[in-house]
Amino acid sequence: MYLDELRLLPRQVARAVLAVLAALHGRLVALCWRLASLSLFLPRPGWRRVSAPRRAASAGPRRERELDDASPTPTSVNYHFTRQCNYKCGFCFHTAKTSFVLPLEEAKRGLEMLKEAGMEKINFSGGEPFLQDRGEFVGELVRFCKQELKLPSVSIVSNGSLIRERWFKKYGEYLDILAISCDSFDESVNVLIGRGQGKKNHVENLHKLRQWCREYAVAFKINSVINRFNVEEDMNEQIKALNPVRWKVFQCLLIEGENTGEDALREAEKFVISNEDFEQFLDRHKDVSCLVPESNQKMRDSYLILDEYMRFLNCRNGRKEPSKSILDIGVEAAIKFSGFDEKMFLKRGGKYVWSKADMKLDW
């Protein structure tokens with residue numbers, strides 16, 4: 001492999017060469033992926049394109065009823081209420097295309113509608129959710145979902161850079177899981193990825209947040225995106241020391257218009273790894289009991305994603321195609337255009353022990 005020869009070069013030269021090779025590799029993978037996305041789109045149960053009613057009518061009323069009855073339940077929903085972020089991760093697939101955030105009361109109205117439709121778990125994400133009102137906005141949503149809606153599980157995904165202990169003091173009791181994004185335990189790699197922020201150390205902050213989660217009884221989770229710059233890293237020792245309830249390991253994913261393509265805000269091709277590379281990383285960490293791997297195939301259709309307008313985002317065509325807002329047409333009508341694969345959601349372990357009351361953890 002070329003990596004053996006790279007080790008003989010000076011460190012900076014080796015990194016430059018690796019970046020060029022990674023970019024070429026990424027563009028080749030992206031081209032293959034785009035060609036594949038041009039194939040005929042086959043709808044799955046529970047989802048119809050706008051023209052589907054005409055096809056359903058020709059197939060008869062029975063078929064139309066079957067499609068309607070197949071609407072999935074929004075058991076677990078990811079609400080990306082903001083696209084704004086203070087980091088610039090090169091592979092980000094939900095970028096800052098707008099600065100819009102729903103008024104708090106409107107967001108609460110939508111969450112109540114989702115609860116009535118069967119939601120059991122809500123995950124707040126971004127962007128960076130702690131940017132809005134210095135964490136007060138997401139804090140009030142967390143409190144509302146746990147205290148008013150009585151949801152079994154309320155979680156947040158954050159880069160962790162803006163979270164302060166006073167937030168835990170005010171809202172920690174209402175939060176089941178805090179997931180912190182950490183892609184490397186080498187700070188120089190974090191800088192290459194786009195998680196560097198001046199003198200702040202991402203890894204040191206991760207340990208501080210882990211301690212706060214213990215003190216305020218919040219389950220701690222780590223999310224890592226495996227890409228060209230960290231795929232050879234051995235994270236076994238650090239993950240075991242942090243001991244998260246789950247370590248979610250994602251394969252770097254390309255989404256047209258977000259991190260690849262002419263209208264994208266990121267160029268993620270140089271971060272892309274092959275399925276074989278991803279499997280090798282997983283094999284190297286197979287003894288980590290909390291490891292939860294998610295390949296591109298598992299990720300793309302198995303998440304219910306709401307954007308900042310509370311529209312479901314369908315990623316089946318390789319882009320994020322929005323439904324109409326649930327605030328305008330209701331959850332049942334909007335979710336039919338989500339592209340959500342409920343079977344894959346269950347297959348990837350999307351439903352697990354997600355309430356901290358049931359985890360029986362030694363805080």
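Residues numbered from 1 in each chain as written. Predicted model: local features only at pLDDT ≥ 70, side-chain atom pairs only at ≥ 80, totals over all residues. Heavy atoms only, no water.

## Quick word on helix 11 (residues 275–284)
D277, F278, F281 and L282 are the residues of helix 11 that are buried. Down the axis, helix 11 shows its buried residues gathered within 135 degrees of arc, on one side only. For helix 11, exposure combined with an orientation more than 90 degrees from the buried face picks out N275, E276 and Q280. Its buried side turned inward, helix 11 meets strand 5 (219–226), strand 6 (246–251) and strand 7 (291–294). (Buried < 20%, exposed > 50% of the residue type's maximum accessible area, 1.4 Å probe, protein only. Helix = DSSP H or I, 4+ residues; strand = E, 2+ residues; numbered from the N terminus. Arc of directions from axis to C-beta. Contact = heavy atoms within 4.5 Å.)

## Regarding helix 6 (residues 136–148)
Across its 13 residues, helix 6 extends 17 Å between first and last C-alpha, which sits within 8% of the 18 Å expected from 1.5 Å per residue. If you check which residues of helix 6 are buried, you get F137, V138, G139, L141, V142, F144, C145 and K146. Among the structural elements, strand 1 (76–80), helix 5 (104–116), strand 2 (121–125), strand 3 (153–158) and helix 7 (165–171) are those in contact with the buried residues of helix 6. Just downstream of helix 6 lies K150, where phi reads positive at about 60 degrees. (Expected span 1.5 Å × (residues − 1).)

## Section: the pairing of strand 9 (residues 311–314)
Where strand 9 and strand 10 (residues 321–325) come together, three bridges link them in antiparallel fashion. Paired with L313 across the bridge in strand 10 is P322. Linking strand 9 to strand 10, which pair antiparallel, is a turn of six residues; within it G318 sits at a positive phi near 85 degrees. (Pairing = 2+ DSSP bridges.)

## Observations regarding the environment of K200
Among the secondary structure elements, K200 is positioned in the loop between helix 8 (187–193) and helix 9 (202–215). Using a relative accessible area of 43% as the deciding quantity, one classes K200 as partly exposed. The sequence separation of K200 and E187 amounts to 13 residues, and the corresponding C-alpha distance is 9.9 Å. With residues near it in sequence (within four places) discarded, K200 still touches S161, R164 and E187.

## Let's talk about the pattern of salt bridges
Scanning the entire structure with this criterion turns up 15 salt bridges. Between D176 and K146 there is a salt bridge, and its shortest N-O distance comes to 2.7 Å. Note that D176 is positioned in the loop between helix 7 and strand 4 (177–181) and K146 in helix 6, a separation of 30 residues in sequence. Of the charged contacts, one joins K286 and D283 as a salt bridge, the two residues approaching to 3.8 Å between their closest N and O atoms. Classification of D283 as partly exposed rests on a relative accessible area of 48%. Where salt bridges share partners, they join R83, E258 and E308 into one cluster. (Salt bridge = Lys/Arg side-chain N within 4 Å of Asp/Glu carboxyl O.)

## Some words on the packing of helix 5 against helix 6
Their axes nearest at 11 Å, the elements helix 5 and helix 6 cross at an angle of 35 degrees. Crossing of helix 5 over helix 6 shows right-handed handedness. For the pair formed by helix 5 and helix 6, the contact residues are L104, A107, K108 and L111 on the first element and F137, E140, L141, F144 and C145 on the second. In terms of residue class, the contact of helix 5 with helix 6 is built from seven nonpolar, no polar and two charged. (Axes fitted to C-alpha atoms, helices over the stretch in contact; angles between N-to-C directions. Left-handed = near helix turned anticlockwise from the far one by under 90°. Nonpolar A, V, L, I, M, F, W, Y, C, P; charged D, E, K, R; others polar.)

## A few points about the nonpolar core
Counting residues in each nonpolar core, the largest one holds 66 residues, and the members touching the most others are Y79, L111, I122, F124 and W247. No other element matches the six residues that helix 6 contributes to this core. Excluding residues within four positions of it along the chain, Y79 makes contact with L102, A107, L111, I122, N123, F124, S125, L141, L306, D307, E308 and M310. Core analysis: the second largest hydrophobic core is formed by 20 residues, C89, V189, F250 and M299 among them. (Core = buried A, V, L, I, M, F, W, Y, C linked by side-chain atoms within 4.5 Å.)

## Remarks on the packing of aromatic side chains
A ring pair, where both rings are aromatic, is described by two values, the distance of the centres and the angle of the planes. What the rule picks out here adds up to 15 aromatic pairs. Clustering of aromatic rings is evident, with ring pairs tying together F130, W167, F168, Y171, W212 and Y216. Residue placement shows R246 over the ring face of Y352; its charged tip is 3.6 Å from the ring centre. A cation over an aromatic ring shows up here: R348 above the ring of Y303, its NZ or CZ 3.8 Å from the ring centre. (Phe/Tyr/Trp six-rings, centres within 6.5 Å; stacked < 30°, edge-to-face > 60°. Lys NZ or Arg CZ within 6 Å of the ring centre and 35° of its normal.)

## Let's talk about the pairing of strand 5
Judged by how many residues are buried, strand 5 sits mostly within the fold: eight of eight residues are covered. Burial along strand 5 is two-sided: the residues A219, K221, N223 and V225 and F220, I222, S224 and I226 are all buried. Here strand 4 pairs with strand 5 via five bridges, running parallel. Across the sheet, I180 pairs through a bridge with I222, a residue of strand 5. What joins strand 5 to strand 6 is helix 10 (residues 236–242), and the crossover it makes is right-handed. (Right-handed = clockwise from strand over helix to strand, strands pointing away.)

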